Amino acid sequence: MKRKLIFLIAFMAILQAASAQIDYTKRLQQGISYTGRTLALSDGSVRYDWTGTYLQTDFTGGSIAIEVSDTKKTYHNLYIDGQLIRRITVEGQKPHRVVLAENLTAQPHRLCLQRVTEGSGGCTTVHGFYLARGGKLQKVAPRKRFIEFYGDSYTCGYGTEAAGPKIHFTYETEDFNHSYACLIARYFDTDYAAIAHSGMGMVRNYGDKKQTSEYTMLDRQGHIFDDFDTLSYDFRAYRPQLVCIQLGTNDFSRNNTPTVDQYCGNYQKFIRNLRKAYGDIPILCILPYSAGAYLQTAFKDLARRMEPDKHVYMAEPMLKVINNPADLGADWHPNTQGQQKIAMKLIPQISNIMGWKLEDKVVK
C-alpha cells in the first residue's frame, strides 16, 4: 500500500510538472462554435445559461484550457473525440482557468463542452481559450439536422442520476445528457437546443395558488437566457427542422389548476410564436407520461384546436410507460432508464414525421 501511495504521489508530480512546462497562448472565441442561445459580450466573452448549450472546436497542439466564470455553480460534460472524459464544475464569479486536455497528440482533436444543469443553477461566461503555443482552433461545422426542445424538469434531466425516487433533487443529480431530448438528438445525429426549466408550465407553474402564473414558459420562450436576464431573443441563431414541446405537468399540479381554455389558449400562442419565428416547420406536441385526467382532457381539446395546422402533430400517448421504481430518480422524476423509455416511445414517431431513417443502434 505504501509503495502504491508513493507511486501515485510521484505520478501526480509528473503531471503537475508537465502542466507547468506547457507554453500556453491565449485565444478568444475565434474557432469556437456555440449551439444554443448565447449572448456575445463586447469583450469577446460568450454568456449562456440554458441547459444543454454546448460549444465545440477542433484544436491542435495537444493541450487546451478554458477561461470561465459562473454566477453560482454549474456542471458541464467534457468530451474529447466523442468520448466523455469527465464532468466539470464551473464555480466562481472571477474568471479562472480550467485545463480541459493536456499532452494529447499534436493532430486535431474535437472538443465538446456541454452544459448539463439548468439556468437556476447559475449563468456561465466563457472568457476565452488557451492553447499550447502553435496550436490552432477551428469551428465545427453544424450538423444537417437540428431539433429544438421546450419543456420542464423532464426535459432538463432533473434527478436522472439520483439513486431512487425518495432522494431529493440536487444539481449534482441533474444531467441533460441523459434527458430524452438529448437521447433523441444523439440517435438521429442532430444538433439541438433545449429551452427548459423545472417547475414551469404553459400557463401555470408548479404549485402556484393562482390559476395563471406571472412568469411561465410562454414568457421564457422569447428570452436569450433562462434565469439570468429577460433580454429578448431574435430567433436568428438557428432554424430547427423540428420543434418538440412537452409542457403541462406543472400546469395541472396541485392547488388551483387552470381551465382547459387557459391552457390551450397559451399553447396556441406558443405555437404561433414558433410559426412567426421558424415558418411552417413540424411541431410535435408531447403529452407527458404522468398526465392526469385534467391534462389529458386539455390535450384532446388542444388537438381539436390545432387540426387546421397540418404540420402540428400530437404525439401518441405514453401513459404508464414509466411505472416502475427502477425508472425513477430524484423526487419521482424519470432517471436515465426512464428517460430512455420516453425517447424510445418518441423516436419512431419522429422518424415518421420527418422521414428520418431508423438506425439499428441502442438509445443511449
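Being a predicted model, the structure only gives us computed values, none of them experimental.

Chemist: How should I be thinking about helix 5 (residues 260-278) in this particular structure?
Modeler: In an α-helix, one turn spans 3.6 residues, which is why side chains three or four residues apart end up on the same side. The end-to-end C-alpha separation of helix 5 is 27 Å, in line with the 27 Å expected for 19 residues at 1.5 Å each. Tyr263, Cys264, Gly265, Asn266, Tyr267, Gln268, Phe270, Ile271, Leu274, Arg275 and Tyr278 are the residues of helix 5 that are buried. Packed against the buried residues of helix 5 are strand 13 (146-151), helix 4 (217-220), strand 15 (242-246), strand 16 (283-285), helix 6 (293-305) and strand 17 (312-314). Following helix 5 by one or two positions, glycine 279 has its phi on the positive side, about 80 degrees.

Chemist: Just to check I follow, could you spell out the pairing of strand 5 (residues 54-59) for this structure?
Modeler: Strand residues, when the strand is regular, have side chains that alternate between the two faces of the sheet. Buried residues dominate strand 5, accounting for 6 of its 6 residues. Residues Tyr54, Gln56 and Asp58 line one face of strand 5 and the alternating positions Leu55, Thr57 and Phe59 line the opposite face, and both faces are buried. Across 3 bridges, strand 2 (residues 33-35) lies against strand 5 in antiparallel orientation. The residue bridging serine 33 from the neighbouring strand is glutamine 56, located in strand 5.

Chemist: Looking at this model, I keep getting lost on the pattern of salt bridges. Mind explaining?
Modeler: Opposite charge on two side chains lets them pair, provided their charged atoms get close. Throughout the structure, instances matching the rule amount to 14 salt bridges. Two residues, arginine 220 and aspartate 226, come together in a salt bridge whose shortest N-O distance is 2.9 Å. Like arginine 220, the residue aspartate 226 is buried in the burial classification. Across the pair aspartate 309 and arginine 275 runs a salt bridge whose closest N-O atoms are separated by 3.0 Å. With a gap of 34 residues between them, aspartate 309 in the loop between helix 6 and strand 17 and arginine 275 in helix 5 connect regions that are remote in the sequence. Residue classification places aspartate 309 among the buried residues on the basis of a relative accessible area of 18%.

Chemist: Would you mind showing me how to read the nonpolar core here?
Modeler: Soluble, globular proteins show a tendency: their nonpolar side chains are buried together. In this structure, Tyr150, Ile245, Tyr263, Tyr267 and Phe270 are the most contacted members of the largest nonpolar core, which totals 38 residues. Put simply, the parts of the chain that give this core at least two residues each are strand 13, strand 14 (191-196), helix 4, strand 15, helix 5, strand 16 and helix 6. For this core, the leading source of residues is helix 5, giving 7 residues. Ignoring sequence-local partners within four residues, the contact set of tyrosine 267 consists of Met202, Ile245, Leu247, Cys285, Ile286, Phe299 and Leu302. Judged by nonpolar contacts, the second largest core, of 37 residues, contains Tyr54, Cys112, Ala181 and Trp356.

Chemist: Quick question: what am I supposed to make of the environment of asparagine 266 here?
Modeler: On the secondary structure map, asparagine 266 appears in helix 5. C-alpha separation for the pair asparagine 266 and isoleucine 85, spaced 181 residues apart in sequence, amounts to 42 Å. Excluding its chain neighbours within four sequence positions, the residues that come into contact with asparagine 266 are Met202, Val203 and Leu218. Side-chain polar atoms of asparagine 266 contact the backbone oxygen of methionine 202, separated by 2.9 Å.

Chemist: Can you help me understand the confidence of the model for the chain in this one?
Modeler: One rule of thumb: low pLDDT means the predicted coordinates there are not for detailed reading. Confidence in the prediction for the chain averages 93 pLDDT; 94% of positions are at 70 or higher. Below a pLDDT of 50 lies the segment residues 1-20, which in the model reaches 2 contacts outside its immediate sequence neighbourhood of four places, other chains included.

Chemist: What is the right way to look at the packing of helix 5 against helix 6 in this model?
Modeler: Two packed helices can be described by the angle between their axes and the distance between those axes. Direction vectors running N to C along helix 5 and helix 6 enclose 50 degrees, while the axes themselves pass 9 Å from each other. Here helix 6 runs oblique to helix 5, going by the angle between their axes. At the point where helix 5 passes helix 6, the crossing takes the right-handed sense. In this structure, helix 5 uses Val260, Asp261, Tyr263, Cys264, Gly265, Tyr267 and Gln268 to contact helix 6, whose residues at the interface are Leu295, Thr297, Ala298, Phe299, Asp301, Leu302 and Arg305. Its residues assigned to classes, the contact of helix 5 with helix 6 shows 8 nonpolar, 3 polar and 3 charged.

Chemist: For this particular structure, what's the right way to read the packing of aromatic side chains?
Modeler: Where two aromatic rings form a pair, the distance of their centres and the angle of their planes describe that pair. By the definition in use, this model includes 17 aromatic pairs. Here tyrosine 158 and phenylalanine 169 contribute two aromatic rings whose centre-to-centre distance is 4.0 Å and whose plane-to-plane angle is 10 degrees, an arrangement assigned as stacked. One end of the pair, tyrosine 158, is in the loop between helix 2 (153-156) and helix 3 (180-187); the other, phenylalanine 169, is in the loop between helix 2 and helix 3, with 11 residues separating them in the sequence. An aromatic cluster of three or more residues is present, and its members are Phe146, Tyr233, Phe235, Tyr238 and Tyr278. One residue, arginine 97, lies across the ring of tyrosine 130, its end atom 3.9 Å from the ring centre.

Chemist: What is the right way to read the side chain of glutamine 349 from this model?
Modeler: Here glutamine 349 lies in helix 7 (residues 336-354). You can call glutamine 349 buried: its relative accessible area is 14%. Polar contacts involving the side chain of glutamine 349 include one to the main-chain amide nitrogen of glutamate 316, which spans 2.6 Å.

Chemist: I tried to follow the packing of helix 3 against helix 7 on my own but got confused; where do I start?
Modeler: For the pair helix 3 and helix 7, interaxial distance at closest approach is 8 Å and the crossing angle is 45 degrees. Judged by the angle between their axes, helix 3 and helix 7 are oblique. Here helix 3 runs over helix 7; the crossing is right-handed. Residues Tyr180, Leu183, Ile184 and Tyr187 of helix 3 pack against Gln339, Gln340, Ile342, Ala343, Leu346, Ile347 and Ile350 of helix 7. Here the contact of helix 3 with helix 7 is composed, by residue class, of 9 nonpolar, 2 polar and no charged.

Chemist: So what exactly am I meant to see when it comes to the environment of lysine 300 here?
Modeler: Within the secondary structure, lysine 300 is located in helix 6. For the pair lysine 300 and methionine 314, spaced 14 residues apart in sequence, the C-alpha to C-alpha distance is 9.3 Å.

Rules behind the numbers
- Residues numbered from 1 in each chain as written.
- Predicted model: local features only at pLDDT ≥ 70, side-chain atom pairs only at ≥ 80, totals over all residues.
- Heavy atoms only, no water.
- Helix = DSSP H or I, 4+ residues; strand = E, 2+ residues; numbered from the N terminus.
- Expected span 1.5 Å × (residues − 1).
- Buried < 20%, exposed > 50% of the residue type's maximum accessible area, 1.4 Å probe, protein only.
- Contact = heavy atoms within 4.5 Å.
- Pairing = 2+ DSSP bridges.
- Salt bridge = Lys/Arg side-chain N within 4 Å of Asp/Glu carboxyl O.
- Core = buried A, V, L, I, M, F, W, Y, C linked by side-chain atoms within 4.5 Å.
- Polar contact = N/O pair within 3.5 Å; in protein donor to acceptor, adjacent residues only side chain to side chain.
- pLDDT = per-residue confidence, 0-100.
- Axes fitted to C-alpha atoms, helices over the stretch in contact; angles between N-to-C directions.
- Parallel < 35°, antiparallel > 145°, perpendicular 65-115°, else oblique.
- Left-handed = near helix turned anticlockwise from the far one by under 90°.
- Nonpolar A, V, L, I, M, F, W, Y, C, P; charged D, E, K, R; others polar.
- Phe/Tyr/Trp six-rings, centres within 6.5 Å; stacked < 30°, edge-to-face > 60°.
- Lys NZ or Arg CZ within 6 Å of the ring centre and 35° of its normal.

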